[in-house]
Amino acid sequence: MAIKFETAVKEELAKYGVEIETADIKQLYNAVSSAALSQVAKKWNRQKKTKRAAYLSAEFLIGRVVYANLLNGGLLDRFKELMIKHDADPEIFERIGDPALGNGGLGRLAACYLESAAYCGIGLDGYGIRYRYGLFRQQIENGFQREYADDWLKWGDPWSVRKDYDAVKVQFGDGYVTAVPYDMAIIGKNGATVNTLRLWQAESDEPFDFNLFNMQKYEKAADSRLKAERLSDVLYPNDDTLQGKKLRLRQEYFFSSASIIDMLRKCGDKPFSSQYAVQLNDSHPTVAIPELILRLTEGGMTFNEAFNEARKTFSYTNHTVMPEAMEKWSLSLMRSVIPHIIPVLRQIQKRLRAELSAKGITDFTPYDIIDNDTVHMARLAVFVSHKVNGVAAIHTEILKDTVLKEWHDLNPDSIINVTNGITPRRWLALCNPELAELVADTLGEDASLTLKGIDRLQDFANDKAFIEKIKQIKRIKKEQLAHYIFEREKREIRLDAIYDVQIKRLHEYKRQLLNILSVLDTCFRIESGELADFTPTVYIFGGKAAPGYYMAKAVIKLINAVSEYVEASPQLRDKIQVVFVTDYNVSYAEKIIPAADISEQISLAGTEASGTGNMKLMLNGAVTLGTYDGANVEIVEQAGEQNNYIFGLRVEEVEKLKGDYTPMRYIDSNPRLKRVVDALTDGTLQDDGSGMFSDLSDSLKNEDRYMVCADFASYCDTRDRLNREYRDEDSFASKRIMNIAGAGYFSSDRSVGEYAKRIWGIKK
Ligand SMILES: *Cc1c(COP(=O)(O)O)cnc(C)c1O
């Protein structure tokens, strides 16, 4: 196998007439990818005839695939040796951009689950959209975010195989669009299992109309082709908010319909639910439900038979409790885009009302899927699915108690919890080989690749030699990150400091604003001498704001303004650095996370469904500074509250406060809070005439929807304590070790195993 790989790489390169020494990066990337793919080709094409699961997701944030595939294919060491033998850089592919076909956590989760399923030998295929342009590339200009197109295909796409003969036609109100699949191999452990990520690309059904062209109607000739191809052009850049655009509905139906048609074709005569379990990643692919029912009735089933098949097949993962993320489409929009689906929706609604009536329920209002001109997608998903799951224990409880209370009362067994996870291959073995090696040396290689038995690291929490190694690795990862940030941002960051990290999408509920206001407070206290012994800290922020999300963009500008404020003061510059890293993505995360000391997870309790960044950081030896929200609750349970830093309001307290929350009360009674809020408008900080900072100030004073003011004091106090306790580096290293040791539960191998067993009915 190994020799074959080397030969295959050289043969691929020979096609370009080059050798390893003379190949350019793209030639090498193509050759290595093709050679690795050819090693698993046989396995990949041999589909087993057992029931499989399909993961339908509008997003797959897969990150750079080459090293992950080489690792699982058992070729990574071979590849590195080959490169070194030929005096080439084994890290050369670090320059290849990420396919950013997702926004954030939801898309990254889909990628972790595909990898874990393949690794564990579970038959799970992904279905999604092959966006021509991924999530925009972020630049910071004068402190403001600017967006540029992300042309990820400029690197080529050697891991995908176009399958023309599997193309399908998707019906819309105004004609058909062809969906052409591009298959990506998802390689499991040693290539024993190879699953598929099938991404659909929209193309015109019509051949180019040469009649129009000959009549010199060039634009018209190009028109219908363009319209179809535009469908899969861009990923909507909103995370946790719905924009309600017609093109987005077209996208959702496009990949849902194509995927259902694809599965039906593979089913042959067998009952659909005996061949497929379909997981809906959020409500985005919910139109797959009426699509399947429609197709089955067209094939001769009655509506009720088709409905029962759909119920056995579908399950739905809820990712958020925030109302602005709940998908609702106007019926008239739906009628214009997919008119043939409307009668099916009406029949589903009829069935819903019949089920409700049979249970003695007469008020349909909280359940109706179609109410007047609104179609509620989450309700459709919940009603038809046999299982609905939340993504962390506390999130699932909130679903049962409030958001989906009516549905839970109706059917107490259907809502279950499957706490999210992350793949240890990418988030330990690949991004932190130094720590992975230490884990492997201490507990065996399996622990570093699967986290199985990693809890035994607890025994080393007070082991002097082990503590030294942990500290040394953190130091190395900080050096590497500092180097990387210097290359990317042209900024020097110091090594002998706490790396305090908040990396995630910019969103008001995640409260980057709380973080930066507390940093500003720290600045003021250092300047006034109130804070005499402060451990030097580098505050690292990273994340993208949706282009139309004004408040989130204002926070980016504020972070950069505070950064400038610090740089302008010699007194502060000595103790603090504030760095906003540009264009945060999976590859950047892989650099930052291993170097982090503090994991900022500070969402208002009850708003973050789970979070997965918190798990990656924990696994890499950072302590959590966070609220009792999402998976933080379980992180603290696994790693010990005394090894993390929890602050702020609890969910119950937030609920109680909601009725008459008055942020001004906190501002008026806390001089430190008042000072930082005033700094937004008194000329201390410059927003370059954008008015952004006074808008932030108004929003804090008048509404403060995410209770930044209420949690400010508790956050600052806990942060101060952390800053002091960090100075005892050995005891802090013990906390790191306890967090690493507690991370085993958050392996996505565990999560995917739960889905397979409790929801899909699939064996390994
Ligand atoms: C893990 C990850 C996320 C999710 O981070 P949260 O802190 O859970 O919101 C977002 N973006 C990228 C690139 C990630 O790797």
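Residues numbered from 1 in each chain as written. Predicted model: local features only at pLDDT ≥ 70, side-chain atom pairs only at ≥ 80, totals over all residues. Heavy atoms only, no water.

Turning next to helix H30 (residues 692–702). Every buried residue belonging to H30 is among Met 692, Phe 693, Leu 696, Ser 697 and Leu 700, and all of these are buried. Along the axis of H30, the buried positions cluster into a sector of 140 degrees, meaning they face one direction only. Packing partners of the buried residues in H30 comprise strand E4 (144–148), helix H21 (512–527), helix H22 (550–567), helix H28 (663–669), helix H29 (671–679) and helix H31 (708–725). Just past H30, the residue Asp 704 takes up positive phi, approximately 50 degrees. (Buried < 20%, exposed > 50% of the residue type's maximum accessible area, 1.4 Å probe, protein only. Helix = DSSP H or I, 4+ residues; strand = E, 2+ residues; numbered from the N terminus. Arc of directions from axis to C-beta. Contact = heavy atoms within 4.5 Å.)

Let us look at the sheet that holds strand E16 (residues 498–503). Sheet strands line up and pair through hydrogen bonds in the backbone, either parallel or antiparallel. Taken in spatial order, the 6 strands make up an open sheet running E18-E17-E16-E19-E20-E21, and their pairing is parallel. Edge positions in the open sheet fall to strand E18 (576–581) and strand E21 (645–646), since each of these has one partner strand only. (Pairing = 2+ DSSP bridges.)

For the structure shown, the criterion picks out 21 aromatic pairs. A ring pair is formed by Phe 172 and Tyr 253, whose centres lie 5.7 Å apart and whose planes are at 80 degrees; its orientation type is edge-to-face. On the criterion of sequence distance, the pair formed by Phe 172 in strand E6 (residues 168–172) and Tyr 253 in helix H8 (residues 246–267) is long-range, its members being 81 residues apart. For Tyr 253, a relative accessible area of 0% gives the class buried. Members of the aromatic cluster, connected to one another through ring pairs, are Phe 303, Phe 307, Tyr 367, Phe 383 and Trp 407. Sitting above the plane of the Tyr 499 ring, Lys 478 keeps its charged end 4.8 Å from the centroid. (Phe/Tyr/Trp six-rings, centres within 6.5 Å; stacked < 30°, edge-to-face > 60°. Lys NZ or Arg CZ within 6 Å of the ring centre and 35° of its normal.)

What follows covers the pairing of strand E17 (residues 537–542). Counting buried positions along E17 yields 6 of 6 residues, so the element is predominantly enclosed. On E17, burial covers both faces: Thr 537, Tyr 539 and Phe 541 on one face and Val 538, Ile 540 and Gly 542 on the other are all buried. Read from E16 through H21 to E17, the crossover connection turns out right-handed. Pairing of E17 with E18, which is carried by 6 bridges, proceeds in the parallel orientation. The residue of E18 that forms the bridge with Thr 537 is Ile 576. (Right-handed = clockwise from strand over helix to strand, strands pointing away.)

As a matter of local geometry, the ligand sits amid 14 residues, with Lys 504, Lys 510, Thr 612, Gly 613 and Lys 616 nearest to it. At a separation of 3.0 Å, an oxygen atom of the ligand approaches a polar backbone atom of Gly 613. Within the complex, 95% of the 390 Å² of free accessible area of the ligand lies under protein. At the level of secondary structure, the elements contributing two or more residues to the shell around the ligand comprise helix H5 (105–120) and helix H25 (613–619). (Near = heavy atom within 4 Å. Polar contact = N/O pair within 3.5 Å; in protein donor to acceptor, adjacent residues only side chain to side chain. Areas by Shrake-Rupley, 256 points an atom, 1.4 Å probe, with all protein chains shown as cover.)

Considering the arrangement of structural elements, one finds Asn 644 in the loop between helix H26 (632–639) and E21. Using a relative accessible area of 3% as the deciding quantity, one classes Asn 644 as buried. A distance of 3.3 Å separates a polar atom in the side chain of Asn 644 from the backbone oxygen of Gly 640. If near-sequence neighbours (up to four positions away) are discounted, Asn 644 is found in contact with Val 623, Thr 624, Val 636, Ala 639 and Asn 739.

All we've got here are geometric facts, nothing functional implied.
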